[in-house]
Amino acid sequence: QRLLARSPGNITALYPFKEGLTKHREQASLYLDTVIRRVVNRTLIKPDAIVCLHANAHGASSVCDLLSRAPIKHVYVVESPFAAAAGFGCDVFLPKSHLVVDIGEMHCDIALISLGSVVTARNSKISGHAFDRAIYDLVKKNYGLKISQKTAEKIKLAVGTVCTGVDMPDIT
């Protein structure tokens, strides 16, 4: 934001991604290519890439097109609740169900996962920011206190964490 405020009038800043969507296709492709080349700069081996999409998203071919310039060997597209469950340590290939609620900054994905695939999933615009705002409003209305965005987020993490058997970071 500080750089944008100081930029001359003849330069226009573009945001290639906004709210999880590609807004400027050419710039998004160039941005991803630049970032990936910086990461794999000194290797001769082209890495594989895993890209997470929201539940029920239909942009897999579009994402692969965006990464066409980058030095990537294969692109694997995974629904974000599946990746969240696997990253959390759930054995998603067992014959039992895992209900995953992945609350992101701009979206919320809810999925039922079993036997290595997403059985059913829904996507909602209700997001982490919406929860933070609701907590802020509730505290202001019920207690007459104004809290910061950071405090609202800390409350959300403390109250909304339903993980069992996992050490969660101290948020105090």
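All figures in this text were calculated on a predicted structure; none of them were measured in a lab.

Take the side chain of Ser 80 next. Mapped onto the elements, Ser 80 comes out in helix H4 (residues 80-88). Taking the relative accessible area as the measure of exposure, Ser 80 reaches 12% and is therefore buried. Within the structure, the side chain of Ser 80 is placed 2.6 Å from the side chain of Asp 109, a separation counted as a polar contact. Discounting chain neighbours no more than four positions away, the residues touching Ser 80 are Cys 52, Leu 53, His 54, Ala 55, Asp 102 and Asp 109.

Time to look at the packing of helix H5 (residues 128-143) against helix H6 (residues 149-160). When two helices pack together, their arrangement is given by the angle between the helix axes and by the axis-to-axis distance. It is the contact of H5 with H6, at a shortest axis distance of 9 Å, that shows an interaxial angle of 105°. Our classification of the angle between H5 and H6 gives roughly perpendicular. Together, Gly 128, His 129, Phe 131, Asp 132, Ile 135 and Tyr 136 of H5 and Gln 149, Ala 152, Glu 153, Ile 155 and Lys 156 of H6 make up the contact between the two elements. Of the residues that constitute the contact of H5 with H6, the class distribution is 5 nonpolar, 3 polar and 3 charged.

Our focus in this paragraph is the packing of aromatic side chains. In total, this model carries 1 aromatic pair according to the counting rule given. With 6.4 Å between their ring centres and 80° between their planes, Phe 82 and Phe 93 make a pair best called edge-to-face. On the criterion of sequence distance, the pair formed by Phe 82 in helix H4 and Phe 93 in the loop between H4 and strand S5 (98-103) is long-range, its members being 11 residues apart. Residue classification places Phe 93 among the exposed positions, given a relative accessible area of 58%.

Looking at H4, one finds that the buried residues are Ser 80, Pro 81, Phe 82 and Ala 85. Packing partners of the buried residues in H4 comprise strand S3 (49-53), strand S4 (75-79), S5, strand S6 (108-114) and strand S7 (117-124). One or two residues past the end of H4 sits Gly 89, with phi positive at roughly 110°.

Strand order in the open sheet formed by 3 strands is S5-S6-S7, with antiparallel pairing between adjacent strands. Each edge of the open sheet is held by one strand with a lone partner, namely S5 and S7. The sheet shows a mean angle of 15° between the axes of neighbouring strands, direction not considered. As defined by bridge partners, S5 adjoins S6 across 6 bridges and the pair is classed as antiparallel. Among the inter-strand pairings, Leu 99 is bridged to a residue of S6, identified as Leu 112.

The rules behind these values
Residues numbered from 1 in each chain as written. Predicted model: local features only at pLDDT ≥ 70, side-chain atom pairs only at ≥ 80, totals over all residues. Heavy atoms only, no water. Helix = DSSP H or I, 4+ residues; strand = E, 2+ residues; numbered from the N terminus. Buried < 20%, exposed > 50% of the residue type's maximum accessible area, 1.4 Å probe, protein only. Polar contact = N/O pair within 3.5 Å; in protein donor to acceptor, adjacent residues only side chain to side chain. Contact = heavy atoms within 4.5 Å. Axes fitted to C-alpha atoms, helices over the stretch in contact; angles between N-to-C directions. Parallel < 35°, antiparallel > 145°, perpendicular 65-115°, else oblique. Nonpolar A, V, L, I, M, F, W, Y, C, P; charged D, E, K, R; others polar. Phe/Tyr/Trp six-rings, centres within 6.5 Å; stacked < 30°, edge-to-face > 60°. Pairing = 2+ DSSP bridges.

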